[in-house]
Amino acid sequence: MSLLPLSLDNETLRFSVSRFCKIPKPERASRCCGGDFGAPQSPMASSSLSSLSSILSNPRGCSLCFKASTRRCFALRFLSSKVVTHASSSSSSSALLPRCHSSARRLTQKPINRKNGFALNLSRSFSVSQIAGSGKFDGPSLHQFVSNAQAQASLTTPETESESTLDSDVASKGRIYHETYGCQMNINDMEIVLSIMKNSGYKEVVTDPESAEVIFINTCAIRENAEQRVWQRLNYFWFLKREWKVNVAKGRAQSLKPPKVVVLGCMAERLKDKILDSDKMVDVVCGPDAYRDLPRLLEEVDYGQKGINTLLSLEETYADISPVRISENSITAFVSVMRGCNNMCAFCIVPFTRGRERSRPVESIIREVGELWESGVKEVTLLGQNVNSYNDDSADPESGANWEYSEGFSSRCKVKNMGLRFADLLDRLSVQFPEMRFRFTSPHPKDYPDELLYLMRDRHNICNLIHLPAQSGNSRILEQMRRGYTREAYLDLVKKIRSIIPDVAITSDFITGFCGETEEEHQETLSLVRAVGYDMAYMFAYSMREKTHAHRKYTDDVPDEVKQRRLTELIEAFRETTGPCYDSQVGSIQLVLVEGPNKRAPETELIGKTDKGHRVSFVTKPLFDTECLLDGDELKRNPEIGDFVEVRIEKSTRASLFGEALAITKLSLFHDVGVDAGVASCAS
């Protein structure tokens, strides 16, 4: 074997040893001696120092390969004798090895990362030379060098070794800080991201950006105000990165290196070019369907590249990923069941940032909910951009022609294949987890077939709460919005819902000042709000989004001051009707899931929600547990977070209820035993 003459001045000579069995075939083919100089290659897993000695003394021999990276660091790799001519003895194999010498004869050893093997860095003025084919070398042998390195490594105490490994892990991977803006779907997405990053070695999450090496900001593109808040935060994160050395010196930052700033979510997809061009403010831009690619994108940043992946998927649901819950001890949780939207409403950016609809298999959802139940979660909210259009067509789907919409409603996007629908999913979940309460958001009014409504009526653990986004009360505006229904069809659906589920709470969404909306059409929206009587509503002034149908076809011709005035009138109309909704609860007995202390009186009161979503607070006191009473245990205890408590409502405001706690119970006992019987048994 012969090697080309090689010299290296004021550079770093880095070499690592990899066992033959760990080198992929392409490596063996292209990196034998004399091959592939100058092309950057990915690092290989290294063996231990002791393994190196055994390789060097292997009587079957080894070969030596050099690889030059873009930093002009040379990697020496030893391959099995299978790729070179077999040697007959250890002495002959060692004769194949070059020797290194330095005029200064000094060795600087940097910390050894023992997690994945070893790597030693040599600095100063080094030269490595060999006369091709002569086999003669000057200076100490590589055997002597390794023995010296082993002696130095053995002086490291176990404690120092452990600390070095920990610091190396933090330095190489980094701690994570995250912020989330927008809907519950973004919260769930952030939990998926944390799971992906944890599996890739990013195991620590910090609560302040000044201590993080990786900063995630999960964004919303639905309204302009949300985007403005994101830009403000990005400016601050840029400051942390740009002035990192100064911030560390002054104690304003504790990160081990300048933070990588990562933009996720809908805004990432919508404004990817603008974000990346914003004066090096952001390092990685990742869309909602590309979160699995985040570890690779972050690695690209280490090599001076911008990381970007905003491709939308027709299949990605992250069904195989168990999210890392942001609120570890919470008794409520979100579970994503579908992603994307096919409705193509004129005002909405979601189809362009989240892609087309695709649903998770039922079994994967049941598995995740089961894990939540085992961890103590008592209430799950099923999530989707159009959650009640859930369609698991993964096995034996029917023709989409059998898809049933709400009466009087239509859709611009036809269903090709029909599998298990949302009612089928709720049916499975409610039966399999009878003591867990289920909600869902955000639905579309077109996907409330009778089957779903009757199921909600008959299952005690499906909340009597229906979100029914109206957006407008005028049929012409609804047509311009491409909503697929009229004012009359919407009111008929409300009437049907209340006839099937008499004690139901209805919430909604409204937009004021949509393109071309007249004063008379705005008044029709106000009259719809008064006619329905919503328990809660999300109300916004219209904000035009690029790429939407409205942006392409309509003119945003309603002045901002008119939009704001109409929004104020809409809020006032809502407040006129929401008061009676809460007042009607006074005197009733409601089942409340305790979520924590009341912030206004944390020492004496607890607060939770009814199945209608109304917040109820009550004074903490010892109560009977109806389940224990059935077993003959008459001891009382204070209710805790996660308990279901029967509460008699005594007072109402426009936003909350206050009552007297009567007993601790279970979902099934409250509904099966009956309210009067349960309270009577506890009172006695």
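Residues numbered from 1 in each chain as written. Predicted model: local features only at pLDDT ≥ 70, side-chain atom pairs only at ≥ 80, totals over all residues. Heavy atoms only, no water.

Looking at an unreviewed UniProt entry, one finds the protein chain named TRAM domain and attributed to Arabidopsis suecica. Here the protein chain is described in UniProt, under the heading Sequence similarities (unreviewed entry), as follows: "Belongs to the methylthiotransferase family. MiaB subfamily." (UniProt positions renumbered as here; feature names shortened; annotations may be inferred.)

In terms of regular secondary structure, the protein chain is built from 23 helices and 31 strands. By the burial criterion, 51% of the 684 residues in the protein chain qualify as buried. With an accessible surface of roughly 31,700 Å², the protein chain has 50% of that area assigned to carbon and sulfur atoms. (Helix = DSSP H or I, 4+ residues; strand = E, 2+ residues; numbered from the N terminus. Buried < 20%, exposed > 50% of the residue type's maximum accessible area, 1.4 Å probe, protein only. Areas by Shrake-Rupley, 256 points an atom, 1.4 Å probe, with all protein chains shown as cover.)

The next thing to look at is the sheet that holds strand S25 (residues 589-597). Pairing in this closed barrel of five strands is mixed, and the strands run S25-S26-S27-S31-S30 around the ring. Taking the axes of each pair of neighbouring strands and ignoring which way they run, one obtains an average angle of 50° across the sheet. The pairing of strand S27 (residues 615-619) with strand S31 (residues 657-665) spans three bridges and is parallel. For serine 617, the partnering residue across the bridge sits in S31 and is phenylalanine 658. (Pairing = 2+ DSSP bridges. Axes fitted to C-alpha atoms, helices over the stretch in contact; angles between N-to-C directions.)

Following threonine 441, the chain continues into serine 442 via a peptide bond in cis, with omega recorded as 0°. Locating serine 442 in the fold gives a position in the loop between strand S21 (437-441) and helix H15 (450-458). The phi dihedral of tyrosine 318 falls on the positive side, at around 55°, and the residue is not glycine. Examined against the element boundaries, tyrosine 318 turns out to sit in the loop between strand S12 (307-309) and strand S13 (332-336).

Among the secondary structure elements, threonine 317 is positioned in the loop between S12 and S13. Using a relative accessible area of 9% as the deciding quantity, one classes threonine 317 as buried.

This next bit is on the packing of aromatic side chains. Overall, the coordinates contain 11 aromatic pairs when judged by the stated rule. Measuring from ring centre to ring centre gives 5.6 Å for phenylalanine 510 and tyrosine 534, while their planes differ by 75°; the resulting arrangement is edge-to-face. Remark: tyrosine 534 occurs in the loop between helix H18 (519-532) and strand S24 (536-541) and phenylalanine 510 occurs in strand S23 (residues 505-512); sequence separation between them is 24 residues. Of the two residues, phenylalanine 510 and tyrosine 534, both sit in the buried class. Note that arginine 242 overlies the ring of tryptophan 238, its terminal NZ or CZ placed 4.4 Å from the centroid. (Phe/Tyr/Trp six-rings, centres within 6.5 Å; stacked < 30°, edge-to-face > 60°. Lys NZ or Arg CZ within 6 Å of the ring centre and 35° of its normal.)

We now examine the sheet that holds S23. Pairing is parallel in the open sheet, where three strands are placed in the order S22-S23-S24. Sheet topology places strand S22 (465-467) and S24 at the edges, where each strand pairs with a single neighbour. Each adjacent strand pair in this sheet contributes to an overall mean axis angle of 10°, direction not counted. Judged from the three bridges that link them, S22 and S23 form a sheet pairing that is parallel. Paired with histidine 467 across the two strands is threonine 507, which belongs to S23.

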